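# What the coordinates show
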Amino acid sequence: GDGVIGIHDLSFATTEFVLPHTALAAHNGTEIGKYHHGIGQRSMSVAAADEDIVTLGAAAAEPLTVRHGTDRIRTVVLATESSIDQAKSAGVYVHSLLGLPSATRVVELKQACYGATAAVQFAIGLVHRDPAQQVLVIASDVSKYELDSPGEATQGAAAVALLVGTDPALVRIDGPSGLFTADVMDFWRPNYRDAALVDGQESIAAYLQAVEGTWKDYTEQGGHPLDEFSAFCYHQPFTRMAHKAHRHLLNTCGQDTDEAGINRAVGRTTAYNAVIGNSYTASVYLGLAALLDQADDLSGRSVGLLSYGSGSVAEFFAGRVVPGYREHLRTEAHRAAVDRRRTLDYAAYRELHEWSFPTDGSNHPTPAQSTGSFRFAGLRGHKRVYERR
Ligand code: CAA
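Please read all numbers here as calculations on a predicted model, not as lab measurements. (Residues numbered from 1 in each chain as written. Predicted model: local features only at pLDDT ≥ 70, side-chain atom pairs only at ≥ 80, totals over all residues.)

## Quick notes on the pairing of strand 1 (residues 5–14)
Counting buried residues in strand 1 gives 10 out of 10 residues, a clear majority hidden from the surface. Examined bridge by bridge, strand 1 and strand 8 (residues 171–181) share two bridges and lie antiparallel to one another. Bridged to isoleucine 7 within strand 8 is valine 171. (Buried ≥ 20, exposed ≤ 12 C-beta atoms within 10 Å, placed from the backbone. Helix = DSSP H or I, 4+ residues; strand = E, 2+ residues; numbered from the N terminus. Pairing = 2+ DSSP bridges.)

## Remarks on the sheet that holds strand 3 (residues 43–46)
Taken in spatial order, the three strands make up an open sheet running 3-2-14, and their pairing is mixed. Among the strands making up the open sheet, the edge pair consists of strand 3 and strand 14 (342–343). Packing against the sheet, helix 1 (residues 21–28) makes contact with strand 2 (17–20) and strand 3, and its axis sits at approximately 50 degrees to strand 2. (Contact = placed C-beta atoms within 7 Å. Axes fitted to C-alpha atoms, helices over the stretch in contact; angles between N-to-C directions.)

## Let's talk about the UniProt feature "domain: Hydroxymethylglutaryl-coenzyme A synthase C-terminal" (unreviewed entry) in the protein
According to UniProt, the "domain: Hydroxymethylglutaryl-coenzyme A synthase C-terminal" (unreviewed entry) feature falls on residues 177–252 and 265–327. Helix and strand shares over residues 177–252 are 45% and 20% respectively, and the end C-alpha atoms of the span are 18 Å apart. Annotated as residues 265–327, this span is 30% helix and 27% strand, and its ends, taken at the C-alpha atoms, are 24 Å apart. (UniProt positions renumbered as here; feature names shortened; annotations may be inferred.)

## Quick word on the sheet that holds strand 15 (residues 364–365)
Spatial strand order, 15-16-17: three strands in an open sheet with antiparallel pairing. Pairing within the sheet leaves two strands with one partner each, and these edge strands are strand 15 and strand 17 (383–388). Pairing of strand 16 (residues 374–380) with strand 17 involves six bridges; the strand directions are antiparallel. From the neighbouring strand, arginine 380 faces strand 17, where its bridge partner is lysine 383.

## A closer look at the packing of helix 6 (residues 200–220) against helix 7 (residues 240–252)
Look at helix 6 against helix 7: their axes get within 10 Å of each other, and the N-to-C directions meet at 45 degrees. Taken together, the axis directions place helix 6 and helix 7 in an arrangement best described as oblique. Between helix 6 and helix 7 the crossing geometry is right-handed. Where helix 6 abuts helix 7, its residues Ile204, Tyr207, Leu208, Val211, Glu212 and Trp215 lie against Met241, Lys244, Ala245, His248, Leu249 and Thr252. Residue classes in the contact of helix 6 with helix 7 are distributed as eight nonpolar, two polar and two charged. (Parallel < 35°, antiparallel > 145°, perpendicular 65-115°, else oblique. Left-handed = near helix turned anticlockwise from the far one by under 90°. Nonpolar A, V, L, I, M, F, W, Y, C, P; charged D, E, K, R; others polar.)

So, in structure tokens, the structure goes:
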């Protein structure tokens, strides 16, 4: 119908490699229960030397362009907090790899893990203005913390591509947004660093504060009551965070916080995040992918999405699942993206973690490690070179 805008298609990609938390635990002597139950993580996606946010983003988006063509895409918004260039948008490389029309606007957005939700909201505005167009939103991140730091166990990497347009096949974006911004230093990455800096406990507190703040604004804006939602997709730096966040929301609303209820609300959103790790901007949409891909029919149901980006900006908004959505899912491809990863041992993981490019402007081909459709071939005269296989 007229004015109905939302997510028409969703596809994700992840890395060539995976490190099981058992290997990390064996290295650092952590009780495995802390990883499996305490933070709720089983394994983490690890990028090959010839993978980055561009190759992941292109791999996530290509299935959308194959299914829907590229004629209606007039905007590409790539959200990331693991940017590869201070000036050029990573989206321009993706645009080129996918052969998108030159009559396209392409831009990169940043506000920690929140960026992709800003991209979705901006996309909705653009589609309102020109209902014939579709906006390709790509959330792509490689999450990296210092070796042997508390954050290390929450690393991960993935890209999610969303096609936003009218008459969406999957999810209608519905009603107001609840917004919250606070100037905090819970997690950040100065331009001269590869690995993020974080105050772990402070970051959890800041996240919970943002949950409360967005919900307060959402209610004031006339949003749906809590009991109208069948599930809640939270940003998942680690999957237990979704449980903590939902418990906090229930508390804020003066409701029961029994484990079974929390599990019903968030349990179906964690399957991909638990084995991929923190994919920053992509994380909340991997939560949505897991929810849609699982068996129960959610046709006509409301889903709450809570996007949090450290620093911090957060947004709560609602999606209504479109009847017939299951015919359009990519469940098998998503499972295959997770299952195709090759398992690293700890030493190989550590070597990749420490890998970095010389910055002298000479030619540096990357080792051919990945086997996906797109690869980062190396640096030539300070320029990144990408290839399609
Ligand atoms: N069996 C079961 N559970 C165990 C256990 C065991 N043997 N040992 C410990 N646990 C539990 C702990 O009780 C704790 O649970 P609760 O939080 O429910 O109390 C949990 O495991 C984690 O233990 P600790 O808090 O002691 O762990 P830690 O100090 O090593 O750090 C962390 C955890 C702060 C999340 C750390 O991994 C970190 O700094 N991560 C990066 C930052 C982050 O992800 N922050 C999240 C909010 S910020 C955000 O969302 C933006 C973003 O993407 C970064």
